[in-house]
Amino acid sequence: MNTERIVMGNLMGNSSGKDLELGQILDPVTKAYENTLWVGMRLSAEKGITNLVALKQALRVVVARANPAEQIELIRNFRKVAEQAISCLVPLTGAEESDEGLAKLQAFQKAYEEKFGWPFLIFSEGPRHRGLSFLKFLGALEARIQNPMPIERQESLLHLHRIAEYRLSLHFERAPDWGYKIWDCCEALSQHSEEPNSLTVTFLSATHQAVSAQLKQMFLDAGFDEVGIDAIGNVVGRYHGAKEAQSPYLLTGSHYDTVRNGGAFDGRVGIVLPMEFVRKLSSERQRLPFGIELVAFSEEEGVRFPATFLGSSALVGDFQSDWLSLVDTNGVSLQSALSKGGLAACLRDIQTLRRDPKNYLGFVEVHIEQGPVLYKCGLPLGVVTAINGSRRYKLKLVGQASHAGTTPMNDRRDVACAAAEIILFVEKAAGQGSSTVATVGVLQVSNGSINTVPGQCELSLDVRAPEDDDRDFLVEAIFAEISAICKRRQVSFESREVLKIAAAPCDLKLRELWAGAIQDLGLKVFELPSGAGHDAMKMHQTMPQAMLFVRGENNGVSHNPLESTDSDDLQLAFEAFERFCLRLGCQ
Ligand code: HGY
Ligand code: MN
Ligand code: MN
């Protein structure tokens, strides 16, 4: 007899739904906000404070509504915290914490206070609540001292709230345990890199294979009923539903490859979070009315080979046969990389990976926002409305290499100057659209030397927009200008489109489930488009999809070692995923 219980009501927090009494919360709130009385008192004007999450949000609203003078007074009330921060730094064994290191830091703090009129405040517990390193503290201080006054006041308030919210979590004994687990898994996975001091994991490298092996083991440890690595390197885990074979599946996941010098959370959060949810279900011997199929996609960034979404393309039956003959910059074909990676490298095996949509309730992806919107509006989670469409190109410009000393300026076919004109045009043209973006992310002069006029260079072009027509209009304008620039400079160019993917509106029903899940937590529902591309836009080709965004640290920066998120936000995303599944199961 299958003793595993079907999960229903006990996943939904049974909050009474009644507003918390001010008397219950005034004291801990006042203490958390360094005895600034008006903060707690003004809560009485706020409605819907039914739990700690809603209380934290309401406090941010109360402070945001205060005038700048009150906000500055509040920051100054945290002076003691600011002064003690240095003593909480994670001790390092390096020059950083030496006398001159400390003197440098104190000089910066003094300069900071002279500039802004309040002390430098930072949430020194850090995003994993293990404390901040001296270098991170100093880095933040050096960056933030550049801020204009109003920006820095907002930044200081964000850190002030993090300090107060951490105190409230301790007071109400609500540690973000699942957030810690997710954080720690992402950190463990980021130990694998092709570069010594940064994070780079490109498709089918030895490092990539180490990550997929570790993911496979993690899935097994988490309690999935089936785990495997498929013909394109996706790591797949299936946790059966209550009625095993008859149950439909919710498909979820994200990618585990990274950009060069990337961050530890891009993609990985969308793998590890559902994995931890399955760990919770399995440890409590619970089954949902549907199964969960988690896919760690092997390739989404398009870094090693001139094609992208290789993992999710296979799942929607869109893996192109000519991709196997694509070569990387070392001339290694995708086909040989697959076989060297211990995979079958057989097109038929890859093409049979297509999922039949009728067996699935849809695809959901949890991902860091990779942008500043949630950070600026002080919200931990957002529901994605649509994912921008994009087109990507590799271009080669050919002019004439010649002697830098003897070639007259008016007699050159300088491809670097042509590329420079192109790049500035791309920036200007994309900036004219309200939500179009375009980027030249790779620029390489071939066989360049200091005393040679560049004769050949390669560059990339990435163009995106929420509407495909706007994207295509911008592409046409850019290529018309490239032709004109090259003609004028007697430079030839060739271009190859390496990606064309349509904008993907997210499924309304799944979006509503995300919105309901967020409301269950006591949070405000916030919807936003995705400027970044995701595997969800590929899955969109065959099934309904929707995404949940998690706030990023450091203004949401991503594709950058500073990319980060916070364990409290990961906890909320975990709880939202749990409630999403409960709501889906009640459909
Ligand atoms: O480029 C993108 O938008 C994604 O991060 N691969
Ligand atoms: Mn990315
Ligand atoms: Mn990503």
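Conventions and cut-offs
Residues numbered from 1 in each chain as written. Chains lettered and ligands numbered in written order. Predicted model: local features only at pLDDT ≥ 70, side-chain atom pairs only at ≥ 80, totals over all residues. Heavy atoms only, no water. Near = heavy atom within 4 Å. Polar contact = N/O pair within 3.5 Å; in protein donor to acceptor, adjacent residues only side chain to side chain. Areas by Shrake-Rupley, 256 points an atom, 1.4 Å probe, with all protein chains shown as cover. Nonpolar A, V, L, I, M, F, W, Y, C, P; charged D, E, K, R; others polar. Core = buried A, V, L, I, M, F, W, Y, C linked by side-chain atoms within 4.5 Å. Buried < 20%, exposed > 50% of the residue type's maximum accessible area, 1.4 Å probe, protein only. Helix = DSSP H or I, 4+ residues; strand = E, 2+ residues; numbered from the N terminus. Contact = heavy atoms within 4.5 Å. pLDDT = per-residue confidence, 0-100. Donors = N, O, S within 2.8 Å, 3.2 Å for Na, K, Ca; no water.

So, on to the site of ligand 1. Neighbouring ligand 1 are Glu300, Glu301, Arg392, Arg464, Ala532, Gly533 and His559. The side chain of Arg392 places a nitrogen or oxygen atom 2.9 Å from an oxygen atom of ligand 1. Backbone polar atom of Gly533 to an oxygen atom of ligand 1: 2.6 Å apart, as the coordinates give it. A total of 220 Å² of accessible area belongs to ligand 1 in isolation, and the protein chains cover 93% of it. Per-class residue counts for the shell around ligand 1 are one nonpolar, two polar and four charged.

The next subject is the nonpolar core. One finds Leu215, Leu381, Trp514 and Phe580 to be the most contacted residues of the largest nonpolar core, which totals 83 residues. Sorting elements by how many residues they give to this core places helix H20 (residues 567-585) first, with nine residues. What Trp514 contacts, discounting residues up to four positions off in sequence, is Val364, Val366, Val383, Ala546, Met547, Leu548, Ala576, Phe577 and Phe580. If you look at the next biggest cluster of nonpolar residues, it comprises 44 residues, including Tyr33, Val62, Val63 and Val81.

Mean pLDDT over the chain: 93, with 96% of residues reaching 70 or higher. Below a pLDDT of 50 lies the segment residues 1-14, which in the model reaches 34 contacts outside its immediate sequence neighbourhood of four places, other chains included.

What follows is about the side chain of Thr207. For Thr207, the location among the structural elements is in helix H10 (residues 206-222). The class for Thr207 is buried, based on a relative accessible area of 14%. Setting aside its immediate chain neighbours within four residues, Thr207 contacts His192, Ser193, Glu194, Thr200 and Val201.

A separate point is the coordination of the manganese ion (ligand 3). Taken together, His255 (NE2), Asp266 (OD) and His367 (NE2) make up the protein donors of the manganese ion (ligand 3), found 2.1 to 2.3 Å from the metal. In primary sequence terms, the donor set of the manganese ion (ligand 3) follows H-x10-D-x100-H. In this structure, the manganese ion (ligand 3) lies 3.4 Å from the manganese ion (ligand 2), and both are coordinated by Asp266. In this pair, His255 sits in strand S4 (residues 249-255) while His367 sits in strand S7 (residues 360-368), placing the two residues 112 residues apart along the sequence. No difference in accessibility class separates His255 from His367, as the two residues are buried.

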